[in-house]
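# Geometric and topological summary
Each chain, written out:
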Amino acid sequence: MVELLFCVALLAGVLALGMYKAPLWAWAGALAIAALIWSSDAVHGQTGLFGFLMWLFVVGFAVLAIPAVRRAGVAAPIFKFVKGTLPKVSDTEQQALEAGTVGFDAELFSGTPDWDKLRAIAPVVLTPEEQAFLDGPTEELCRLIDDWQVRHQQREIPDKIWDFVKSHGFLGMLISKEHGGLGFSAQAQSLIIGKIASRSPDVVTIVMVPNSLGPGELIEKYGTEQQKHHYLPRLAKGEEIPCFALTGPTSGSDAATMRDIGTVIHGPDGKPAIRLSWDKRYITLGPRATLLGLAFRLFDPDNILGKGENLGITVAMIPTVHAGVQIGRRHLPAGNAFPNGPNWGRDVVIPMDWIIGGEAMAGQGWRMLMECLAAGRAISLPSSATAGAKAMLRFTTAYARIRRQFGLPIARMEGIEEPLARMIETAYASEAARAVTAAMVSRGERPSVISALMKYQTTERMRRAVNDAFDIHGGRAICDGPTNYLQSAYQMVPVGITVEGANILTRTLITFAQGALRSHPYLYREVQAAQDPDQERGLDAFDRALGDHVAFSFSNACGAFFHNVTGGLFAPAPEKSFDTANWYRQLARCSRSFAFVADLTVGALGGSLKTKQKLSGRLADALAELYILGCVLKRYEDDGRLSSDRTFVDLAAQNGLYRFQEALRGVVDNFPVAPARWAMRIVAFPLGNPYRPASDALGHRAVKLALDAPEVRDRLTRYIYVSNDPDDPTGLLEVTLKKTVAAEEAEKKLERAIRAGTIRRYHSNDWIGEAIDKGVVTESEGQQLRELEALTARVIAVDHFDPDSLKPNYRTSALGHNSRGVESAAAE
């Protein structure tokens, strides 16, 4: 019994030393004391095999505690192996890794997140000027938009919309006031983009693109003073419409392999110039653009610039009226109306000073793009996708409360309740993450890893929300027309999934792979040390990083095992976390497990991780769930810990932790290296799977809150455009919902009478008048029901058309055209 107690105490000591990253000499001393106690008469009475093994560890740790011995016997051989096997990081890979900043993602990769850093991020705060713009011009723009006219009747953004966004400065939100722009914060841009997106995905695109990756941002950050003074005021006022041409037929997700080429030559005036040939497609705003931002590979075969032959990817700005620039016809992306199309040029000569930043920035284009993308990708699509999810929830809660089947609102049916609960979770969690991420960018961060996971997570969650909205609306959703308020979102979903890094790529290749290097506390240091041309300096840096890395890995292994065995009971939670302390502890527990599995994955797979995309995709999912749940807890605190919102926090936490578990379990179950797989399973899941999805009862409470408490529904869908105009399809929903709630008791009386056979409800008779005559409802209640009946009929009505008016929209010709207008088989 004493020996068993000793072993338990020894295990506890090992876990404690490991969790707190004890130095090697402390390990040697602690194990020496343990070995002496083991051999004492009070425990075992002799050294024995177990004692001998402990003394072996004592000697080993004592020897390794000597820096010179450890460096020569351990670090040097590993350094030599890594240096010989590590593939050289290309310039584009290096620039992508160095672009952006590391933020709270590093806390999650550490296994011991500092929640105070997350809580220190500002809540949603706007300046009075920004708030006035959101409440004024943005609201007015939304009222101007006729979605059916935009996406069907004209298949074009009307000139009145273009004129409005230009005159009010929407195209220059990120351009500083110094250069004629609005100079708004990232948080303000995010909310403005979101509100417009909730009204029209097409219109928001013409606002979003100039304020994301494009000439405006690139010139603001990297342009020469002359370029800034000339172009930025014109871009801010809409006198120039920008587009940015990056993607080509052979370089989609792998944009760094572009074949577009620029060659340095002597221009007509004898000064250095560039001869360009390119072929681009999918360029948003391209058909309307006056200023083309162009990415290409720049070569200088005659070394005119004195920088060598292969200068690298470069970005230039070219007026679209310049000789040789060909702006093609329009693509039709998923039937949407925003301008998008190809452009190309062959042997087009431009001055050297058209490079953004001038000659000094030749070859620096990839770094510029990656740095801007790290910030822009954190704002545009997460904002529009989050707004889309909130709009789907607002429309669908209203419709499901109004629409009745089987004698009750369909929202009260469990089959409808299930997708509504998903939509509530999506709206609450996505807004929480959007707000935190935008606040990070507002304070100067460029969170490359977080922006990647936010892009793919919010657009995927929006896709699910749109599908759920369609399922609940049924035939009302699939019949398009002027009163269909869901179709535009449905058409835009695949666009959001695809652009700015297709979700499949972003999830499986970028988020975790980049995060493992950038956000890991030691891995990038080891890679840099191994690639240091100075052998001695590299070995010194590698030895320090390796020692820290080993301590880090063992700390997370011990911490994860301990917290998983104890159910996270002793995991840390921040001060004053009160009713969410348990969720903070579970997040800390999961962060330990994630850090251990992620670290072991990189160590076991090395460079082959790039080909294990199913594993890296699951690890990206796990990281995303940790980040989004952390944001959910922060939102709850920022909103004042409202008791009603605790239900939404619990819903998001239970489902988020379950999805985290399934993602991590998918990694462990499919890990190709057996010893590593066994270690992962023991450490991360010592007692099996601890998490379950949220219960039906919790989902029921969440839906009931959203349906029965108008202020809760408003809070879940805040920052989107809300119409109260009964002549607007979404305004009609709001008006009818209020009438439905007001007439609820009268409806119940009428339904009871109909079920009892007292009243007959058919088109051939006036059942409301009959109910009044028979005293089922009062005269005033009958008037309420008549008004509600008329409004409800409009809400559930679907559009229909004269067949001749539809023919132009589905008639096809035998021939189509490719991006350059050349005839090709339509089937292609």
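Quick notes on the rules
Residues numbered from 1 in each chain as written. Predicted model: local features only at pLDDT ≥ 70, side-chain atom pairs only at ≥ 80, totals over all residues. Heavy atoms only, no water. Helix = DSSP H or I, 4+ residues; strand = E, 2+ residues; numbered from the N terminus. Rg over C-alpha atoms; globule rule 2.2 N^0.38 Å. Buried < 20%, exposed > 50% of the residue type's maximum accessible area, 1.4 Å probe, protein only. Contact = heavy atoms within 4.5 Å. Lys, Arg positive; Asp, Glu negative; His and termini not counted. Charge placed at Lys NZ, Arg CZ, Asp CG, Glu CD. Axes fitted to C-alpha atoms, helices over the stretch in contact; angles between N-to-C directions. Parallel < 35°, antiparallel > 145°, perpendicular 65-115°, else oblique. Nonpolar A, V, L, I, M, F, W, Y, C, P; charged D, E, K, R; others polar. Core = buried A, V, L, I, M, F, W, Y, C linked by side-chain atoms within 4.5 Å. Salt bridge = Lys/Arg side-chain N within 4 Å of Asp/Glu carboxyl O. Pairing = 2+ DSSP bridges. Disulfide = S-S within 2.5 Å. Expected span 1.5 Å × (residues − 1). Bend = angle between axes of the 7 residues up to and from the residue. Phe/Tyr/Trp six-rings, centres within 6.5 Å; stacked < 30°, edge-to-face > 60°. Lys NZ or Arg CZ within 6 Å of the ring centre and 35° of its normal. pLDDT = per-residue confidence, 0-100.

When helices and strands are counted, the protein shows 35 helices and 11 strands. In summary, the protein has a C-alpha radius of gyration of 31 Å against a globular reference of 28 Å for 828 residues, a match within 12%. Taken over the C-alpha atoms alone, the protein extends approximately 100 × 85 × 55 Å along its principal axes. Each of the 828 residues in the protein was classed as buried or not, and the buried ones make up 55%. When contacts within the protein are restricted to residue pairs at least 6 apart in sequence, those whose partners lie at least 24 apart make up 75%. Across the protein, 89 positive and 91 negative side-chain charges occur, with their mean positions spaced 3 Å apart.

What follows deals with the packing of helix α19 (residues 448–473) against helix α26 (residues 613–638). In the contact formed by α19 and α26, the axes pass within 10 Å of each other and the chain directions differ by 90°. Taken together, the axes of α19 and α26 lie roughly perpendicular to each other. Residues V449, I450, L453, M454, Y456, Q457 and R461 of α19 form the contact with α26, whose own contacting residues are G617, A620, D621, L623, A624, E625, Y627 and I628. Classifying every residue of the contact of α19 with α26 by side-chain character gives 10 nonpolar, two polar and three charged.

This next bit is on the nonpolar core. Grouped burial of nonpolar side chains is what soluble globular proteins tend to show. Counting 201 residues, the largest nonpolar core has F170, L218, L369, F512, F594 and Y627 as the members making the most contacts within it. By residue number, the principal contributor to this core is helix α18 (residues 414–442), which donates 15 residues. Residues within four places of L369 in sequence aside, it is in contact with L213, L218, F244, L246, A295 and V315. If you look at the next biggest cluster of nonpolar residues, it comprises 15 residues, including L10, A32, M54 and F61.

A separate point is the pattern of salt bridges. Applying the stated criterion to the full structure yields 53 salt bridges. In this structure, E239 engages R234 in a salt bridge whose closest nitrogen and oxygen atoms are separated by 3.5 Å. Its relative accessible area of 43% is what places E239 among the partly exposed residues. Residue classification places R234 among the partly exposed residues on the basis of a relative accessible area of 29%. The salt bridge involving R681 is made with D669; its shortest N-O contact spans 3.0 Å.

Residues P242 and F244 line one face of strand β1 (residues 242–245) and the alternating positions C243 and A245 line the opposite face, and both faces are buried. Relative to strand β4 (residues 291–299), β1 is paired through four bridges, and the arrangement is parallel. Counterpart to P242 in the pairing with β4 is L291.

On to the state of the cysteines. Counted under the stated rule, the structure contains zero disulfides. C7 takes part in no disulfide bond, and the closest cysteine sulfur, belonging to C558, lies 16 Å away. Judged by its relative accessible area of 33%, C7 falls in the partly exposed class. We classify C558 as buried; its relative accessible area is 4%.

So, on to helix α15 (residues 225–237). Between its first and last C-alpha, α15 extends 19 Å over 13 residues, near the 18 Å set by a 1.5 Å rise per residue. At Y231, α15 shows its largest kink, close to 30°, and the proline P233 lies no more than four residues downstream. Where α15 is buried, its residues touch α11 (159–167), α14 (215–222), β1, β4 and β5 (310–319). Remark: G238 follows α15 within two positions and exhibits a positive phi of approximately 80°.

The topology assignment puts A26 in helix α2 (residues 24–39). Looking at A26, the relative accessible area reads 17%, which means it is buried. The spatial distance from the C-alpha of A26 to the C-alpha of F61 is 8.8 Å, given a sequence separation of 35 residues.

Across all of its chains, the model carries 19 aromatic pairs by this definition. Measuring from ring centre to ring centre gives 5.3 Å for F6 and W38, while their planes differ by 40°; the resulting arrangement is tilted. Taken as a pair, F6 in helix α1 (residues 2–19) and W38 in helix α2 lie far apart in primary sequence, 32 residues in all. Exposure class is identical for F6 and W38. Each is buried. Seen from the ring of Y428, R635 lies directly overhead, with NZ or CZ sitting 4.0 Å from the centre.

Let's shift gears to the pairing of β5. Of all 10 residues in β5, nine are buried, a share of seventy percent or more. For β4 and β5, the ladder comprises nine bridges, and the chain directions are antiparallel. For R297, the partnering residue across the bridge sits in β5 and is I313.

If pLDDT is low for a region, its predicted coordinates should not be looked at in detail. Here the protein shows a mean pLDDT of 91. Residues at 70 or above account for 96%. Predicted confidence in the protein is weakest over strand β11 (residues 823–825), with a mean pLDDT of 35, and strongest over helix α9 (residues 137–144), with 98. Scored below 50 in pLDDT, residues 810–817 shows 14 contacts in the model against residues more than four places distant or in partner chains. Here residues 821–828 scores under 50 on pLDDT; set against residues more than four positions off or in separate chains, the count is 14 contacts.

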